[in-house]
Amino acid sequence: MQNKTSICILDDEPIVGDRLKPELEDDGYEVEIFIDSASALERVQQRCFDIFITDLKMEGVDGIGFLERVKKLWPTSEVIVITGYGTLETARESLIKGAYDFIPKPFRIEDIRTAVKKAKKKVKHQQKD
Amino acid sequence: MADLATFSQPFKRLFGKKKLKPIAFTDLFARFQNILHENNTVMKIMADMSTKAGGDFVFDKKYLVDCILEIGKSVQRSAYHLNFITANRYLEVFEVIEKLVKDLEVELSTKTPAYQMQRLYYLDQVEEGMEEAVGYKTFNLARMINLPDANVPCGFVVSVAGFRDYLAYNNLFEGIDALMKRLEDGTDSVENVSRSIRLMILGGEIPPYLRQEILSAAKQIGGPKAEEMLYSVRSSAVGEDGDWSFAGLYDSFLNVPFGELLAGYKKVMASLYSQSSLEYRIRKNLSHMEMAISVLYQKMAAGRVSGVFYSLDPNWPERPESVLSAGWGLGKLVVEGEGPVDSFRVQRDPPHFVTEQRIVRKDRMIASTGQGVIEEVPAAMQEDPCLNPDEIRQIAEVGLMLERFFKIPLDVEWSLDREGKLWILQARRLHIEAAKQSTHESLQEIVGRQRVLLAERGMIAYRGVGTGPITLVETHEDLNRFPSGGVLVSHYAHPWLAKAIPKASAIVTDIGTVAGHMATVAREFRVPAIVGAEGATQVLTENMEVTVDAERNRVYEGCVDELVKHQLIKKPTFEITSEFQQLRRLLKKITPLYLVDPDGADFDARGCKTIHDLVRFIHQKAFQALTRPGESPRQLFKQGAKQLKSNVPLDLVVIDIGGGLAKDGEENSYVFPRQFTSFPMQAFWRGLSSPQTWDTEPVSVDFKSLMASLIRTQTAEVTGGRAPMINLAVIGANYLNLSLPLGYHYTAVDAAVGPSPRNNYIFFRFVGGVTDMTRRSRRAVLLSSVLEQADFKVEVNGDLVIARLTDLEKDQIGERLFLIGKLIGFARQLDVLLKADADIDFYAKKFADQMTAVKASGSVS
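Residues numbered from 1 in each chain as written. Chains lettered and ligands numbered in written order. Predicted model: local features only at pLDDT ≥ 70, side-chain atom pairs only at ≥ 80, totals over all residues. Heavy atoms only, no water.

## Details of empty space enclosed by the protein
Residues and elements named next belong to chain B. A full pass over the atoms with the stated rule returns six cavities of 30 Å³ or more. Approximately 100 Å³ is the volume found for the second largest cavity. Considering the residues around the second largest cavity, the lining is formed by 13 residues, among which Ala493, Gly512, Asp807, Glu809 and Gln812 are closest to the centre. For the lining of the second largest cavity, the per-class residue count stands at six nonpolar, five polar and two charged. (1 Å grid on protein atoms, 1.4 Å probe; cavity = no way out; pocket = protein on both sides within 12 Å on 5 of 7 lines; lining within 4 Å. Points joined across faces, edges and corners; volume = space filled by probe spheres on them. Nonpolar A, V, L, I, M, F, W, Y, C, P; charged D, E, K, R; others polar.)

## A short note on the confidence of the model for chain B
Residue and element names in this part refer to chain B. Of all residues in chain B, 87% have pLDDT values of 70 or greater, and the mean over the chain is 84. Contacts from residues 1–18, a stretch scored under 50 in pLDDT, to residues over four places away or in other chains number 24 contacts. Here residues 698–724 is modelled with pLDDT under 50, and outside its nearest four sequence neighbours on either side it reaches 31 contacts, counting other chains as well. Scoring the predicted complex yields pTM 0.77 and, for the interface, ipTM 0.92. (pLDDT = per-residue confidence, 0-100. Contact = heavy atoms within 4.5 Å.)

## Notes on the packing of helix H10 (residues 208–222) of chain B against helix H11 (residues 261–270) of chain B
Angle between the axes and distance between the axes: these two values describe a pair of packed helices. Residue and element names in this part refer to chain B. Where H10 contacts H11, the axes come no closer than 10 Å and their chain directions differ by 115°. By crossing handedness, the relation of H10 to H11 is classed as right-handed. Contacts between H10 and H11 pair Leu210, Arg211, Ile214, Leu215 and Ala218 from the former with Leu261, Leu262 and Tyr265 from the latter. Looking at side-chain class alone, the contact of H10 with H11 contains seven nonpolar, no polar and one charged residues. (Axes fitted to C-alpha atoms, helices over the stretch in contact; angles between N-to-C directions. Helix = DSSP H or I, 4+ residues; strand = E, 2+ residues; numbered from the N terminus. Left-handed = near helix turned anticlockwise from the far one by under 90°.)

## Some points on the environment of Ala40 of chain A
Residue and element names in this part refer to chain A. You can see Ala40 is positioned in helix H2 (residues 37–46). By relative accessible area, which is 0% here, Ala40 ends up buried. Once the C-alpha coordinates of Ala40 and Leu67 are considered, the two residues, 27 residues apart in sequence, prove to be 12 Å apart. In this structure, Ala40 is in contact with Leu10, Phe34 and Phe66, ignoring residues within four places of it in sequence. (Buried < 20%, exposed > 50% of the residue type's maximum accessible area, 1.4 Å probe, protein only.)

## Focus: the interface of chain B and chain A
Taken residue by residue, the interface counts 25 residues in chain B and 20 residues in chain A. Both sides of the chain B and chain A interface together cover about 2100 Å² of buried area, and 53% of this is carbon and sulfur. Of all residues in chain B, the largest losses of buried area upon contact with chain A belong to Val58, Asp60 and Lys62 of chain B, amounting jointly to 31% of the total for that side. One can count six salt bridges joining chain B with chain A. Between Lys571 of chain B and Asp26 of chain A there is a salt bridge, with its nearest N and O atoms 2.7 Å apart. Remark: the boundary between chain B and chain A carries 15 residue pairs in polar contact (both at pLDDT 80 or more). Those elements that provide at least two residues to the side of chain B that touches chain A are strand E1 (57–58), helix H4 (61–85), helix H16 (443–448), helix H20 (561–570) and helix H21 (578–590) of chain B. Classifying every residue of the side of chain B that touches chain A by side-chain character gives nine nonpolar, five polar and eleven charged. (Buried area = accessible area lost by both parts, 1.4 Å probe. Salt bridge = Lys/Arg side-chain N within 4 Å of Asp/Glu carboxyl O. Polar contact = N/O pair within 3.5 Å; in protein donor to acceptor, adjacent residues only side chain to side chain.)

## Some words on the pattern of salt bridges
All names here are of chain B. Tallying each qualifying case throughout the model produces 57 salt bridges over all chains. With a closest N to O distance of 2.8 Å, Glu213 and Arg119 form a salt bridge. Of the two residues, Glu213 is situated in helix H10 and Arg119 in the loop between helix H5 (92–109) and strand E2 (120–122); the sequence distance between them amounts to 94 residues. For Glu213, a relative accessible area of 25% translates into the label partly exposed. Note on Arg119: relative accessible area 27%, which makes it partly exposed. Between Asp561 and Lys565 there is a salt bridge, with its nearest N and O atoms 3.0 Å apart.

## Side note on the side chain of Ser232 of chain B
Residues and elements named next belong to chain B. Residue position: Ser232 is located in strand E4 (residues 230–237). Judged by relative accessible area, which is 5%, Ser232 ranks as buried. When near neighbours in sequence (up to four residues on either side) are disregarded, Ser232 contacts Phe253, Leu254, Leu296, Tyr297, Gln298 and Met300.

## Considerations on H2 of chain A
All names here are of chain A. Turning to H2, its buried residues are Ser37, Ala40, Leu41 and Val44. Angularly, the buried residues of H2 cover 100° about the axis, an arc narrow enough to put them on a single face. More than 90 degrees from the buried face of H2, the exposed residues found are Ala38, Glu42 and Gln46. (Arc of directions from axis to C-beta.)

## A short note on the sheet that holds strand E3 (residues 51–55) of chain A
Residues and elements named next belong to chain A. Taken in spatial order, the five strands of this open sheet run E2-E1-E3-E4-E5, and their pairing is parallel. For this open sheet the edge positions go to strand E2 (30–34) and strand E5 (101–104), each flanked by a neighbour on one side alone. Averaged over neighbouring strand pairs, the angle between their axes works out to 15° when direction is ignored. With four bridges joining them, strand E1 (residues 6–10) and E3 adopt parallel strand pairing. Bridge pairing in E3 links Leu10 to Thr54. Packing against the sheet, helix H1 (residues 14–26) makes contact with E1, E2, E3 and strand E4 (78–83), and its axis sits at approximately 175° to E2. Of the strands in this sheet, E1, E3, E4 and E5 are in contact with helix H5 (residues 109–128), which crosses E4 at around 160°. (Pairing = 2+ DSSP bridges.)

## Here we look at the sheet that holds E2 of chain B
Residues and elements named next belong to chain B. Pairing is antiparallel across the open sheet formed by five strands, whose spatial order is E2-E3-E6-E4-E5. The open sheet terminates on both sides in strands that have one partner only, identified here as E2 and strand E5 (252–257). This sheet shows a mean twist of 20° between the axes of neighbouring strands, independent of strand direction. In the sheet, E2 pairs with strand E3 (residues 155–158) via three bridges, with the strands oriented antiparallel. Bridging across to E3, Leu120 finds its partner in Val158.

## Observations regarding the packing of helix H6 (residues 131–144) of chain B against helix H15 (residues 389–406) of chain B
All names here are of chain B. Look at H6 against H15: their axes get within 12 Å of each other, and the N-to-C directions meet at 105°. The orientation of H6 with respect to H15, classified from their angle, is roughly perpendicular. Taking contact as the criterion, the partners of Asn140, Arg143 and Met144 in H6 are, on H15, Leu402, Phe405 and Phe406. Classifying every residue of the contact of H6 with H15 gives four nonpolar, one polar and one charged. (Parallel < 35°, antiparallel > 145°, perpendicular 65-115°, else oblique.)

This is the structure we're talking about:
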């Protein structure tokens, strides 16, 4: 059997992870959720995830900081940014720093599904190369 | 948006001594439009929040905080404008806003609901988030009250606050603590500690106020013969039926007479410390958990036969069967597993055939009439099965409806009385071991190999999965035959579909939006729904077995049992997250409309219970201030009002607040109907001027002339020298407000269409007449029957008719306004003609025929 695509979700509002985990698991992904960036970063040092989903505004290391660290550690992984402070400026900054997609909150579960599906394709492609 | 300087103007007008010049009418109207704008913003946020309750979106706390902030700002601006228009007549609105918004903020700041815990709640007072206060048994029963066919005996609960009061009043806290400590230290035995604490509780005295509250509540639920009735007194402890199963560890008493209700209270409380309950705590290491108990009182359901329904077989959950056990009399023996019971395996699919049954000799029972002791079953009944196939079907239908509502496998306690009425006594999660759940195939694979009938056509109004045979609903008759557990498929998302929604396992409509009324009802009853799925009624046909996947937005052919079971057993429902519960509680304080009748006694600022009430109040008062007092027609004409010229015998003054009238050559003091550009006014006028509306058959000549004079506006003599009342229409592109003091009637219509159906509404009020009250009431009955068939919510009081309608699509609102226009013309002298009750039907039919004729001619829209 093929290895499951792994996803790491980081959002300091627990509802985001709690809602997304069962939905993405239904789609056959392996999902871990974190509500603070410190523990997420600790885990990310230990293992690679194929896809990261992160909030932007958080205590300690914020979403942009997390995005940069992750991209350095795991360059073939992709990062999807979700935020309740969706402005053009924040979107631009995340994309420049290497985010794969930017989704403002609140969002439809379908929006994340589609973004994750596309990111997965890209990741698999990069990992082959 | 207005700046600060203009905001402070109301206060200058209040405190400044200099008399200010009257403000120009057009300026006042500009303010009125600001109010409409702000109110629209609030309604839009309300609609947005409601759709989020359907589970299709992921939102967080910040979203809720932002919504409340915006709502607060908007209603505050609206209140400023109102006070500007009315020269500060409604300053108390600010206080009301402050209070309502503060309530919402408090709701946001805590995870548990913001309420002061009462000692006693009636079942219908129990709200979301009160689980800890009243216990899960009571909480779950309270959630079922509004479900059709699930009869819950009426009752009340003495909450945890009552329990604490009891302990405090009798100074028991310290004594209990000391004994529990000895138990933890191991310095005393469970048996001793349990006995000592129970004796302390039983020896206490119920505080006089609590005694009083319990007895008067019992009288309330027992009715006039309360003191002769029998009651159940049951434990409803925190944790019982929740995460920890204390099931069966606490005492419950059945058939308790009125005189023993207070003693029963103490007995149930004492059972919190029963030996078995303390042992369970030690075993599960729960001794640190606070111990508290609430006590549920209900009127006894006189069970002829009672039992337990498992929606799934806990040992074999993949089987498409439910398990039912039943015994004679009350259910205590069945529930506690102490009596002989008949058992049945019942198909989950309708019509719920029995696949296997075991009928035993049932020699013992607790009769519904007795003292709650075990008696012998009459010999002739002992060998009989205690349920017939119809009764089995009835129990299975309701049990599975409850399973769809709670979205977990259920263990339901039920009782059938002598009249065949099915009572639900308890519903809780049926635990199914993880090992029993089949996991050989991934959900993705299962979903992937299904034949997809519809994919991503519409919008998800409520997330979830439902399966069953399709019933296409087009008429009210289709509704009446709608089967429990069916999939409801309809072209329109009609509001009247609401009647079938609690029975449906899923809903699909061609047309409709997630903010519409039907979608709101689907969310309320937690029925998975896809709306606006264009062409669905062409693909989905009558009786076809389907599975509606309102998670992936698809409809599959046949029943995808693995998916249904996955949802039921494994997947947590999205509503358990605290933000959802917060959202639902917030919506309860925001969206209901209680202030209905603008001429009602309670129509004042302090009567506003919700944000929706506030919006309605501000709108109405601003509007009244603009159009009613002291505005003579001459003044109005000076401000730009126009006289309407038409063939309809109705004097009407029209004021355009923007986009309601087209210019027609040079500026005149009059307008023609063809100049209406207001959507609601056009629709209304088409109805009012449609054929036959004004040619009622001849009444006697004298009367006719009288009526004719009355159709004209009342003169100063009639109105007692006050400013003459005028027939006035205030119109905007999407707005219509009519006040028609026609003759001795007074008719008012207020209607608007906006960016979403949530903004669309019609309000209609009709009162008065020249004849006696009987004839006028007949007309009220006629009007209400016509309006109800057109989806209005109608209230009738004597000759007063108030009708409301919301959440319809724009074109549907247009059709209803056409009907209202026609109805006003049609009904104007009907009171004279309604000489007998039988005439009501005659004229109702006549009106319906006329409507059918104009519909056929295509002139409605």
